[in-house]
Amino acid sequence: MYSSSSIEGNLYGFSAQEPQRAPIGVFDSGVGGLTVLRQIYRQLPNESVIYFGDTARLPYGIRSQAEILTFVRDILDWMQQQHVKMVVMACNTSSALALDIVREEYDFPILGVILPGAKAAVQQGKRIGVISTPATAKSNAYRQAIWEIDPNVEVWQVGCPEFVPLIEQNRIQDPYTTEVARAYLEPLIQQDIDTLVYGCTHYPLLAPVLRSLLPPQVKIIDPAVHVVTACTQELDLLGLSNTHPPLPTRFAVSGCPQQFSQSGVHWLGYTPLVEAVDFAGVPVSQLQQDLA
Ligand SMILES: N[C@H](CCC(=O)O)C(=O)O
């Protein structure tokens with residue numbers, strides 16, 4: 001269990017006098033946010049990161065807004081204790097259901113993936129398909145964000161409840177996953193979409209499967225790329241860009257650290273050292289029982 005520090009600065013090793021050196025907090029329900037982390041490594045190589053995966057409570061995509069709000073506040077409270085300088089919600093479901101509400105509750109900037117994804121999609125296409133969790137699809141967040149930019153664009157949203165469990169179980173190569181993907185993409189291909197948005201941060205991990213099923217002319221938008229570009233601009237604007245060498249990424253999960261470490265290595269190319277975190281003193285095993 002990790003407890004937050006009361007000393008000046010924090011256990012992560014930066015001083016409160018140097019806010020630029022503070023880490024960026026990145027969170028998701030599980031491994032999906034690693035697609036955003038990989039973009040941070042590419043676009044912001046000087047930044048230190050604390051990654052949190054709420055693995056005891058995934059999948060998020062079938063939960064209510066009240067549940068997502070509770071989870072997101074738990075995570076943001078914890079991020080605050082770690083003295084992050086900014087948080088990237090590397091989770092579309094949280095961005096769709098909680099971002100507008102919690103943004104005002106914290107004194108660090110919080111970025112979501114949907115607006116950057118919608119802006120990028122509108123620059124590419126006129127017939128846009130969005131694949132996402134059922135909760136994100138139901139929220140209409142992508143359609144609204146796209147229509148605020150350009151009301152003449154057509155948008156189709158498909159909820160894909162089976163994808164996240166399959167990805168978390170690392171069943172990317174399983175022929176069953178291809179069959180499921182074919183069924184989810186079918187209605188979008190029927191509509192002759194010109195652009196597909198990964199409306200869930202887990203889905204870039206399915207890229208080879210999805211690309212093989214889509215007509216070659218369909219362009220793919222990964223909001224992870226664009227939220228990190230927005231993050232770069234925001235850090236510059238606030239004078240918070242780090243110019244020092246970054247610290248190793250710190251990983252924490254609410255579920256089993258070993259399991260996350262094993263799946264993470266596949267996507268990161270190195271074995272992450274993962275801590276277990278509980279919220280409000282509730283042991284992780286209790287959290288898992290409550291939600292079973
Ligand atoms: N990766 C998250 C959450 C997926 C889930 O846990 O259902 C998202 O972008 O929506």
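Residues numbered from 1 in each chain as written. Predicted model: local features only at pLDDT ≥ 70, side-chain atom pairs only at ≥ 80, totals over all residues. Heavy atoms only, no water.

- Under UniProt, the name given to the protein is Glutamate racemase, and the source organism is Nostoc sp..
- What the UniProt record of the protein gives under Sequence similarities is the line "Belongs to the aspartate/glutamate racemases family." (UniProt positions renumbered as here; feature names shortened; annotations may be inferred.)

**Let's talk about the UniProt feature "binding site: substrate" in the protein**
Line of reasoning, step 1. In the numbering used here, UniProt assigns the "binding site: substrate" feature to Asp28, Ser29, Tyr60, Gly61, Asn92, Thr93, Thr201 and His202. For the residues just named, distributed over 175 residues, the greatest C-alpha separation is only 11.8 Å, placing them together at one site.
Line of reasoning, step 2. Along the chain, the position of aspartate 28 falls in strand S1 (residues 24–28).
Line of reasoning, step 3. Engagement of the side chain of aspartate 28 in a polar contact is seen with the backbone nitrogen of glycine 33, the distance being 3.0 Å.
Line of reasoning, step 4. Within the secondary structure layout, glycine 61 lies in the loop between strand S2 (49–53) and helix H2 (65–81).
Line of reasoning, step 5. Note on glycine 61: relative accessible area 7%, which makes it buried.
Line of reasoning, step 6. The residues touching glycine 61, leaving out its near neighbours within four places in the chain, are Thr93, Thr133, Pro134 and Ala135. (Helix = DSSP H or I, 4+ residues; strand = E, 2+ residues; numbered from the N terminus. Polar contact = N/O pair within 3.5 Å; in protein donor to acceptor, adjacent residues only side chain to side chain. Buried < 20%, exposed > 50% of the residue type's maximum accessible area, 1.4 Å probe, protein only. Contact = heavy atoms within 4.5 Å.)

**Some thoughts on the environment of alanine 224**
Line of reasoning, step 1. Here alanine 224 is to be found in helix H11 (residues 223–237).
Line of reasoning, step 2. Apart from the residues lying within four places of it in its own chain, the contact partners of alanine 224 are Thr35, Val36 and Gln39.

**Digging into the UniProt feature "active site" in the protein**
Line of reasoning, step 1. If you check UniProt for "active site", the listed places come out as Cys91 and Cys200 in our numbering. A maximum C-alpha distance of 6.6 Å is found for the annotated residues, which run over 110 residues; spatially they form one tight group.
Line of reasoning, step 2. Under the relative-accessibility criterion, cysteine 91 is labelled buried at 3%.
Line of reasoning, step 3. Filtering out sequence-adjacent residues up to four positions away, cysteine 91 remains in contact with Phe27, Asp28, Tyr60, Val113 and Thr201.
Line of reasoning, step 4. Contacts of cysteine 200, omitting those with residues within four sequence positions, involve Asn92, Ile131, Ser132, Thr133 and Val164.

**Focus: the site of the ligand**
Line of reasoning, step 1. Inspection of the region around the ligand gives 13 residues, with Ser29, Tyr60, Gly61, Asn92 and Thr93 positioned closest.
Line of reasoning, step 2. Within the backbone of asparagine 92, a nitrogen or oxygen atom sits 2.7 Å from an oxygen atom of the ligand.
Line of reasoning, step 3. Residue classes in the shell around the ligand are distributed as 5 nonpolar, 7 polar and 1 charged. (Near = heavy atom within 4 Å. Nonpolar A, V, L, I, M, F, W, Y, C, P; charged D, E, K, R; others polar.)

**Thoughts on unusual backbone geometry**
Line of reasoning, step 1. A cis amide bond links leucine 58 to the next residue, proline 59, at an omega of 0°.
Line of reasoning, step 2. Within the secondary structure, proline 59 sits in the loop between S2 and H2.
Line of reasoning, step 3. The phi dihedral of histidine 83 is positive, around 60°, even though this residue is not glycine.
Line of reasoning, step 4. Along the polypeptide, histidine 83 turns up in the loop between H2 and strand S3 (86–89).
Line of reasoning, step 5. In this structure, asparagine 140 is a non-glycine residue whose phi angle is positive, near 65°.
Line of reasoning, step 6. With respect to the secondary-structure elements, asparagine 140 resides in the loop between helix H6 (134–139) and helix H7 (141–149).

**Structural notes on H11**
Line of reasoning, step 1. The end-to-end C-alpha separation of H11 is 21 Å, in line with the 21 Å expected for 15 residues at 1.5 Å each.
Line of reasoning, step 2. Residues of H11 that are buried include every one of Pro223, Ala224, Val227, Val228, Cys231 and Leu235, and no others. Buried residues of H11, seen end-on, are gathered within an arc of 130° and therefore sit on one face of the element. Set apart from the buried face of H11 by more than 90 degrees, the exposed residues are Gln233, Asp236 and Leu237.
Line of reasoning, step 3. Looking at the residues trailing H11, positive phi occurs at glycine 239, about 65°. (Expected span 1.5 Å × (residues − 1). Arc of directions from axis to C-beta.)

**Re the packing of helix H1 (residues 34–43) against helix H12 (residues 257–268)**
Line of reasoning, step 1. Contact geometry for H1 and H12: axes closest at 11 Å, N-to-C directions at 45°. Between H1 and H12, the crossing angle belongs to the class labelled oblique. Seen along the crossing, H1 lies across H12 with a hand that is right-handed. Contacts from Leu34, Leu37, Arg38 and Tyr41 in H1 reach Phe260, Gly264, Trp267 and Leu268 in H12.
Line of reasoning, step 2. When grouped by side-chain class, the residues that make up the contact of H1 with H12 number 6 nonpolar, 1 polar and 1 charged. (Axes fitted to C-alpha atoms, helices over the stretch in contact; angles between N-to-C directions. Parallel < 35°, antiparallel > 145°, perpendicular 65-115°, else oblique. Left-handed = near helix turned anticlockwise from the far one by under 90°.)

**Structural notes on the sheet that holds strand S5 (residues 127–132)**
Line of reasoning, step 1. Strand order in the open sheet formed by 4 strands is S6-S5-S7-S8, and the pairing between neighbours is parallel. This sheet does not close on itself; its edge strands, each paired only once, are strand S6 (154–159) and strand S8 (219–221). Within the sheet, the average angular offset between the axes of one strand and its neighbour, ignoring direction, is 20°.
Line of reasoning, step 2. Strand direction decides the pairing type here: strand S7 (residues 195–199) and S8, joined by 3 bridges, are parallel. Along S8, the bridge assignment pairs leucine 196 with isoleucine 220.
Line of reasoning, step 3. On top of the sheet, helix H5 (residues 114–124) reaches S5, S7 and S8; it is set at about 165° to S8, its chief contact. (Pairing = 2+ DSSP bridges.)

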